[in-house]
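Observations on the model geometry
Okay, here's what each chain looks like letter by letter:
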Amino acid sequence: MKKFALIAEYDPNFEPHVSTEKALRHSAESLALQVEHQWVSTNDICDSLFTDFDAIWVAPGSPYKNMDNTLWAIRYAREHDIPFLGTCGGFQHVIIEIARNVLGFEDAEHAEHAEYDPYSSKLFISELSCSLAGKEMDLELVPESKVAEYYGATTAKEKYYCNFGVNSEWTEELRKAPIGFVGSDSEGEIRIIELATNSFFVATLFVPQAKSTRDNPHPLITSFVKEVVCQ
């Protein structure tokens with residue numbers, strides 16, 4: 001049986017954490033598959049993460065207790081082709097990991113963590129001028145992308161819980177990275193990224209698990225589960 005590590009500071013009263021568990025179950029049931037999951041605090045991330053689990057999902061709920069551990073897990077999954085999904089805070093930390101370890105901006109920072117480096121000018125993730133928390137927005141997907149294949153469409157509508165997003169001042173630098181920016185909102189802001197060279201590596205600023213139901217499992221999460229189980 002395949003095991004999924006759900007990385008975040010688990011809170012049973014936090015709706016995105018509840019919906020993460022439900023969405024994983026919806027997709028597994030729709031595929032007639034059995035999977036297991038376990039919440040892993042970012043403080044507890046260590047080498048055994050990648051021997052004990054078959055896939056990594058960095059869930060919403062940042063700021064995480066240990067940013068360095070989170071970035072290390074993302075980097076390891078990216079470099080070793082471990083099936084990976086990051087949603088909301090997970091997306092934001094993927095951006096930081098890419099900025100630091102692919103583009104070479106070692107001091108790339110997240111506005112939530114800026115207190116650790118108050119003089120940092122390289123805020124790749126900044127507070128949004130208008131919060132997206134609780135909003136549903138239309139998305140345009142790049143037709144030839146893996147994500148469009150997972151959705152079976154080039155448009156979607158998704159729900160957000162976040163107050164942070166990609167700092168537009170660094171968008172052009174990020175586009176130099178060998179990773180696909182494959183989903184955007186009506187204003188062209190980056191909302192989905194994928195690493196097409198990996199079996200499954202996707203990160204979304206929105207929370208796809210919020211739209212999953214037993215009758216209509218989310219296609220992105222179902223594709224994630226299917227890829228993990230079929231490996």
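A few points on the structure.

Where burial is concerned, the two faces of strand 12 (residues 201–204) agree: the one with Phe201 and Ala203 and the one with Val202 and Thr204 are both buried. Note: strand 11 (residues 190–194) against strand 12, 3 bridges, orientation antiparallel. Bridging across to strand 12, glutamate 194 finds its partner in valine 202. Adjacent in sequence and paired antiparallel, strand 11 and strand 12 are bridged by 6 residues.

Before going further, it helps to spend a moment on the sheet that holds strand 6 (residues 123–127). One open sheet holds the 3 strands; their spatial order is 5-6-9, and the pairing between them is mixed. Edge positions in the open sheet fall to strand 5 (109–110) and strand 9 (164–166), since each of these has one partner strand only. In this structure, strand 5 lies alongside strand 6, joined through 2 bridges in parallel fashion. Pairing of glutamate 109 across the sheet is with leucine 123, part of strand 6. Against the sheet, helix 4 (residues 89–101) engages strand 5, strand 6 and strand 9, with an angle of about 155° to strand 6.

A few words on the nonpolar core. Membership of the largest hydrophobic core comes to 73 residues, with the highest contact counts inside it found for Leu49, Ile56, Phe124 and Ile193. Looking at which element gives the most residues to this core, the answer is helix 4, with 6 residues. The residues touching isoleucine 193, leaving out its near neighbours within four places in the chain, are Phe91, Val94, Ile95, Ile98, Ile179, Gly180, Phe181, Val182, Phe201, Val202 and Ala203.

Take helix 1 (residues 15–30) next. Over its 16 residues, helix 1 extends 22 Å from the first C-alpha to the last, a length consistent with the 22 Å expected when each residue adds 1.5 Å. Contacts made by the buried residues of helix 1 are with strand 1 (2–7), strand 2 (35–40), strand 3 (55–58) and helix 7 (219–230). A positive phi of about 55° marks alanine 32, the residue just after helix 1.

It is worth spelling out the packing of helix 1 against helix 7 at this point. It is at 9 Å that the axes of helix 1 and helix 7 come closest, and there the two elements cross at 65°. For the pair helix 1 and helix 7, the sense of crossing is right-handed. From helix 1, Ala23, Leu24, Ser27, Ala28 and Ser30 reach across to helix 7, where they touch Ile221, Thr222 and Val225. Counted by class, the contact of helix 1 with helix 7 contains 5 nonpolar, 3 polar and no charged residues.

What counts, and where the lines are drawn
- Residues numbered from 1 in each chain as written.
- Predicted model: local features only at pLDDT ≥ 70, side-chain atom pairs only at ≥ 80, totals over all residues.
- Heavy atoms only, no water.
- Buried < 20%, exposed > 50% of the residue type's maximum accessible area, 1.4 Å probe, protein only.
- Helix = DSSP H or I, 4+ residues; strand = E, 2+ residues; numbered from the N terminus.
- Pairing = 2+ DSSP bridges.
- Contact = heavy atoms within 4.5 Å.
- Axes fitted to C-alpha atoms, helices over the stretch in contact; angles between N-to-C directions.
- Core = buried A, V, L, I, M, F, W, Y, C linked by side-chain atoms within 4.5 Å.
- Expected span 1.5 Å × (residues − 1).
- Left-handed = near helix turned anticlockwise from the far one by under 90°.
- Nonpolar A, V, L, I, M, F, W, Y, C, P; charged D, E, K, R; others polar.

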